[in-house]
Amino acid sequence: FLYKSHHTGQDDGSSNSGFSFNTWKQLDPSYIEERWEVQRNERPILMCAALFGILAWFSMMGPLVQSAWVLSRGGRRLVGPHVMLAMLAVCGGIIELLARLFYAGMMNASQWLAKDFNLDDWGGEPEGTGWRVLEMIHIVTRGMLLWVDAFEALTFFGIVVI
């Protein structure tokens, strides 16, 4: 969302196509519904990006494990750092796979809720509580992914340092 806010250059809610941090922060149901429509259109691109991230880690995992084996001369020289290198590569790849699969599942379920369920009227009055709840769950999901990405960056840093 920071890219969209920076990209459009508007933060006052005056544009229907741009991101408005202030309106988003107020959890305005009509604005949130509009943003979910935009996300629905961007979903194929985001899913492809997640797939490429998974493929990148998995394509890096094999050569790193093989390099650790070769550099340790078949497990006879400096075994500790080379085992650590292989473990970081494998753990990074597995965590990337699990995080992206969880995120894809949560995004698909959220998109299904946004598209097919009544999120406007939950208690007799159309106050948009469903859109607010959906957006807060989405914020928490992105927060979880942020920490997973931070761990992956530390893993990659560890691989480069070793």
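Here the structure is shown first, and the text comes after it.
Below is a summary of the structure that appears in this document. Model, not experiment: these values are computed from the prediction. (Residues numbered from 1 in each chain as written. Predicted model: local features only at pLDDT ≥ 70, side-chain atom pairs only at ≥ 80, totals over all residues. Heavy atoms only, no water.)

Evaluation of the coordinates by the stated rule reveals three aromatic pairs. Ring geometry for Trp57 and Phe156: centres 6.4 Å apart, planes at 80°, overall edge-to-face. In this pair, Trp57 sits in helix 3 (residues 29-71) while Phe156 sits in helix 5 (residues 129-161), placing the two residues 99 residues apart along the sequence. A residue is classified by how much of its surface remains accessible, and Trp57, at 10% relative accessible area, is buried. You can call Phe156 partly exposed: its relative accessible area is 41%. Note on Trp112 and Phe117: the rings are 4.9 Å apart at their centroids and 90° apart in plane angle, and the pair reads as edge-to-face. (Phe/Tyr/Trp six-rings, centres within 6.5 Å; stacked < 30°, edge-to-face > 60°. Helix = DSSP H or I, 4+ residues; strand = E, 2+ residues; numbered from the N terminus. Buried < 20%, exposed > 50% of the residue type's maximum accessible area, 1.4 Å probe, protein only.)

Now for helix 3. The largest bend in helix 3 comes to about 50°, at Glu42, with the proline Pro44 one to four residues further on. Arg73 occupies a position one or two residues after helix 3 and carries a positive phi of about 55°. (Bend = angle between axes of the 7 residues up to and from the residue.)

Turning next to a nonpolar patch on the surface. Together, Val65, Val90, Ile94, Leu98, Phe102, Met106 and Met144 give the surface a local cluster of nonpolar side chains, amounting to about 540 Å² of exposed area. Here the element with the most residues in the nonpolar patch is helix 4 (residues 79-116); it accounts for five residues. Of note, Leu98 is situated in helix 4. With relative accessibility at 42%, the residue Leu98 sits in the partly exposed group. (Patch = residues over 30% accessible without salt bridge, like charges linked within 9 Å, V, L, I, M, F, W, Y side chains within 5 Å. Areas by Shrake-Rupley, 256 points an atom, 1.4 Å probe, with all protein chains shown as cover. Salt bridge = Lys/Arg side-chain N within 4 Å of Asp/Glu carboxyl O.)

So yeah, pure geometry; function would need other evidence.
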